[in-house]
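Spelled out from the first residue to the last, the chains are:
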Amino acid sequence: MDITLIQADYQNEQHGKDLVMLLNAYALDPMGGGEALAVDVQHNLVATLAKRNDFLTLLCYIDGKPAGILNCVEGFSTFKCKPLLNIHDCGVLKEYRGLGLSQKLFIEAEKISRERGYCKLTLEVLEGNIVAQNAYKKLGFSGYELDEKTGKAMFWEKVL
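As a convention, each chain's residues are numbered from 1 in the sequence order in which they are written. Restriction of local features to residues with pLDDT of at least 70 applies here, the model being predicted, together with a cutoff of 80 or more for giving and counting side-chain atom pairs; totals for whole chains, interfaces and linings are based on all residues. Hydrogens and waters are ignored; side-chain quantities use all the structure's heavy atoms.

To qualify as a helix, a DSSP run of H or I must reach at least 4 residues; to qualify as a strand, a run of E must reach at least 2; elements of each kind are numbered from the N terminus. The topology assignment puts Gln42 in helix 2 (residues 39-50). Under the relative-accessibility criterion, Gln42 is labelled partly exposed at 28%. Remark: the alpha-carbon pair of Gln42 and Gly140, spanning 98 residues in sequence, is separated by 33 Å. One polar contact links the side chain of Gln42 to the main-chain carbonyl oxygen of Leu37, over a distance of 2.8 Å. When a residue's accessible area, from a 1.4 Å probe over protein chains only, is under 20% of the maximum for its type it is buried; when over 50% it is exposed; and in between it is partly exposed. We call two N or O atoms a polar contact when they sit within 3.5 Å, provided that within protein one can donate a hydrogen and the other can accept it, with sequence-adjacent residues counted only if both atoms are side-chain atoms.

This part is about the pairing of strand 3 (residues 65-77). Note on pairing: two strands pair once DSSP finds at least 2 bridges between them. In the sheet, strand 2 (residues 55-62) pairs with strand 3 via 8 bridges, with the strands oriented antiparallel. Residue pairing across strands places Cys60 opposite Gly68, the latter belonging to strand 3. Hairpin geometry of strand 2 and strand 3 is characterised by an intervening segment of 2 residues between the two adjacent antiparallel strands and by a positive phi of about 50° at Asp63. Pairing between strand 3 and strand 4 (residues 82-92): 10 bridges, direction antiparallel. Paired with Asn71 across the strands is Asp89, a residue of strand 4.

What follows is the structure, given as structure tokens:
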């Protein structure tokens, strides 16, 4: 079994097709919301990402077939005065789960982050996604808190 990790080139048509297919498979999963990406998102995502300089997509292939994806966006820590990398999407196709692909994707994201001088990696995870939480803990992630008295950070959103 040949496992290959690459940084997606948004100008590469095959990378774009693989990115959309893998992200849509993740979206269809209960942990991704259980609904397909909107048609306009599927058609416009890669071109939109190509215009950004703060986004990173890692693709994982097994024997030349797309198997996993990690989408990340650069952020900035004002307290450290350094950039950070937020892991926004992580998905592995069902038939390739259990092979450690997400771990390989995370290790590659960490390597790139260290090379770029980022101060940390961040992510959000659903409370009910125990499998992912356990995997993230093995990779050194933990809940964020400044002080035990003020509690752990919470991820909130306001849809616009």
